[in-house]
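Each chain, written out:
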Amino acid sequence: MTTEQTRLTLNNGLEIPALGFGVFQTPPDDTIAAVTTAIADGYRLIDTAASYGNEREVGEAIRRSGVDRAELFVETKLWISDYGADKAQVGFDASLRRLGVDYVDVYLLHQPTPADFDDTIAAYQVAEKMVEAGKARAIGVSNFSPDHLTRLLEKVDVVPAINQVELHPYFTNATVQHAHATLGIVTQAWSPIGGIHRYRPADAPGSGNVLENPTITDLADKYGKSPAQVVLRWHLDQGRSALPKSVNPSRIAENIDVFDFALEPAELAAIDALDTGLRGGPDPEQLNTRTFPFAVDNS
Ligand code: NDP
């Protein structure tokens, strides 16, 4: 396994590994094993969230890994049930406590709540204070549209370092990527290998399994790599961060074995052309505590 991993420099100077490890839907009982395997295989960025219910296990795996905390990048997210100034502080402290860390490397607002945007802004301002306090090294957002970014930037001081958004060959989110390029925000891809189309109901919008698309499988044949590796390479070659999730040891290893090849510009364009313009996940414009009443338990 190569150790020459691509790194990205955030707008505050922090360098992070471009490829991270996701644990959404990884049951707590499987999380320690998955994260331990990932760290042993060379992953250094772990993406979790208060709403995933596995921050404790991510923290435990980090402690057990034997890898210096300073070499690991812990990324977590504040859920919308904790937006607003007071609740955000409670939510942030609870994440640190569950993870068992003194600081997180990247702290994100999980979703915009466009109908209650003052609460979103207040939560982000708490995150800004966490940077000043040395408890977060970088902050950002997730699932923000260009319009949400504009509305946020009118009211806050720190430009988000990252916006983590749905992004895979069937939903390339080009408008958001363009806004990021203008604003100096790193694009971080969730469902980077199109997982959302495999675990969402078959009648959800979108176009099936990206890993079976002939454009992808032909490139996999050409390079002697797997379809997932081709798609991850597409992200890296276009300067994005990507967070593949797996609980399967061989797929965890496969997904980080992507630093020994690169795609040609025409091949990157051919994958871009698979975009359907249809997201698999929820529309961020509609998300708020009434449409999505799940609340994180911070007790
Ligand atoms: P992914 O694109 O990472 O796909 C994960 C799915 O693909 C799982 O079913 C996994 O199964 C399978 N898989 C993993 N590796 C391979 C492989 N090499 N070949 C074939 N199948 C594979 O989608 P996710 O939606 O899980 O997103 C990844 C991460 O992004 C999450 O864990 C989370 O960190 C983040 N995320 C953030 C969201 C947000 O709103 N901010 C929303 C959704 C995700 P198996 O585990 O069995 O290998």
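Each remark here, short or long, concerns the structure printed above.
This one's a predicted model, so the numbers in the text were calculated from it and none came from an experiment.

Some remarks on the site of the ligand
- Around the ligand sit 30 residues in total, of which Asp-47, Ser-191, Tyr-199, Ser-246 and Arg-251 are the nearest.
- Tyr-52 is positioned such that a nitrogen or oxygen atom in its side chain is 3.5 Å from a nitrogen atom of the ligand.
- Ser-191 is positioned such that a nitrogen or oxygen atom in its side chain is 2.7 Å from an oxygen atom of the ligand.
- Burial of the ligand by the protein amounts to 88% of the accessible area it has alone, namely 900 Å².
- Counting atoms within 2 Å of the grid points, the majority share of the ligand lands in the largest pocket.
- Ranked by residue count, the leading element in the shell around the ligand is helix 10 (residues 249-256), at three residues.

Thoughts on the layout of surface pockets
- Roughly 920 Å³ of volume is contained in the largest pocket.
- What lines the largest pocket is a set of 37 residues, and nearest its centre among them are Phe-24, Gln-25, Trp-190, Ser-191 and Tyr-199.
- Broken down by secondary-structure element, the contributors of at least two residues to the lining of the largest pocket are helix 7 (196-199) and helix 10.
- Taken together, the residues of the lining of the largest pocket break down into 19 nonpolar, twelve polar and six charged.

Looking at the packing of helix 8 (residues 214-223) against helix 9 (residues 227-237)
- Between helix 8 and helix 9, the least distance of the axes is 8 Å, while the angle of their chain directions is 100°. Relative to helix 9, the element helix 8 is oriented roughly perpendicular. Contacts between helix 8 and helix 9 involve Ile-216, Thr-217, Leu-219 and Ala-220 on the former and, on the latter, Pro-227, Val-230 and Val-231.

So, the pattern of salt bridges
- Applying the stated rule across the entire model yields twelve salt bridges.
- Between Glu-60 and Arg-64 there is a salt bridge, with its nearest N and O atoms 3.0 Å apart. Linking Glu-60 with Arg-64, this pair stays in helix 2 (residues 55-65), spanning four residues, or about one helical turn.
- In this structure, Arg-137 and Asp-105 form a salt bridge, with 2.9 Å as the shortest nitrogen-oxygen distance. Residue Arg-137 is found in strand 7 (residues 136-142), and its partner Asp-105 is found in strand 6 (residues 104-109); the two are separated by 32 residues along the sequence.

What about the sheet that holds strand 9 (residues 186-190)?
- Taken together, the eight strands give an open sheet; going across it, the order is 3-4-5-6-7-8-9-10, and neighbouring strands pair in parallel fashion. Every other strand in the sheet has two partners, leaving strand 3 (21-22) and strand 10 (241-242) as the edge strands with one partner each.
- Judged from the three bridges that link them, strand 4 (residues 45-47) and strand 5 (residues 73-78) form a sheet pairing that is parallel. Along strand 5, the bridge assignment pairs Leu-45 with Phe-73.

A closer look at the packing of helix 1 (residues 28-41) against helix 2
- Where helix 1 contacts helix 2, the axes come no closer than 8 Å and their chain directions differ by 35°. Here the hand of the crossing between helix 1 and helix 2 comes out right-handed. Residues Pro-28, Thr-31, Ile-32, Val-35, Thr-36 and Ile-39 of helix 1 form the contact with helix 2, whose own contacting residues are Glu-57, Val-58, Glu-60, Ala-61, Ile-62, Arg-64 and Ser-65.

Considering the side chain of Glu-166
- Counting through the fold element by element, Glu-166 comes out in strand 8 (residues 162-166).
- It turns out Glu-166 is buried and unbridged, and the closest side chain with the opposite charge, Arg-279, is 4.7 Å from it.
- Of note is the side chain of Glu-166, whose polar atom sits 2.7 Å from the backbone nitrogen of Gly-280.
- Within polar-contact distance, the side chain of Glu-166 engages the backbone nitrogen of Gly-281 at 2.9 Å.
- What Glu-166 contacts, discounting residues up to four positions off in sequence, is Asn-143, Phe-171, Asn-173, Trp-190, Ile-196, Arg-279, Gly-280 and Gly-281.

Here is what the cut-offs are and how they apply
- Counting restarts for each chain, with residues numbered from 1 along the sequence as it is written.
- Only residues with pLDDT of at least 70 are given local features in this predicted model, and only at 80 or more are side-chain atom pairs given and counted; all residues enter the totals for whole chains, interfaces and linings.
- The basis for the side-chain values is all heavy atoms of the structure; hydrogens and waters are excluded.
- Near residues are defined by distance, with any heavy atom within 4 Å of the molecule or strand qualifying the residue.
- Counted as a polar contact is a pair of N or O atoms within 3.5 Å, where, for protein atoms, one must be capable of donating a hydrogen and the other of accepting one, and residues adjacent in sequence contribute only when both atoms are in side chains.
- Only the protein chains shown count as covering a residue, and every accessible area follows the Shrake-Rupley method with a 1.4 Å probe.
- Method remark: on a 1 Å grid restricted to protein atoms, a set of points is classed as a cavity if a 1.4 Å probe fits but cannot get out and as a pocket if it is open with protein on both sides within 12 Å along at least five of seven lines; lining residues have an atom within 4 Å of a point.
- Each molecule is checked against the cavity or pocket grid, and it sits inside if more than half of its atoms lie within 2 Å of the grid points.
- Each helix is a run of H or I in the DSSP string that is no shorter than four residues. Each strand is a run of E no shorter than two, and both are numbered from the N terminus.
- Grid points are joined across faces, edges and corners, and a volume is the space filled by probe spheres set on the points.
- The residue classification treats Ala, Val, Leu, Ile, Met, Phe, Trp, Tyr, Cys and Pro as nonpolar and Asp, Glu, Lys and Arg as charged. All others, Gly included, are polar.
- Between N-to-C directions, angles span 0 to 180 degrees; the directions come from axes that are lines fitted to C-alpha atoms, helices contributing only their stretch in contact.
- Angular relationships are summarised with four words: roughly parallel below 35 degrees, roughly antiparallel beyond 145, roughly perpendicular across 65 to 115, and oblique for the angles in between.
- The contact definition used throughout considers only heavy atoms, calling two residues in contact when any of these lie within 4.5 Å.
- When a carboxyl oxygen of Asp or Glu lies within 4 Å of a side-chain nitrogen of Lys or Arg, that pair is called a salt bridge.
- Pairing between two strands is assigned when DSSP locates at least 2 bridges connecting them.
- In this scheme the handedness of a crossing depends on how the near helix is turned from the far one: anticlockwise by less than a right angle means left-handed, clockwise means right-handed.
- The buried label applies to any residue whose accessible area, calculated with a 1.4 Å probe on protein chains only, is under 20% of its type's maximum; exposed applies above 50%, and partly exposed to all values in between.
- None of His or the chain ends enter the tally, which takes Lys and Arg as positive and Asp and Glu as negative.

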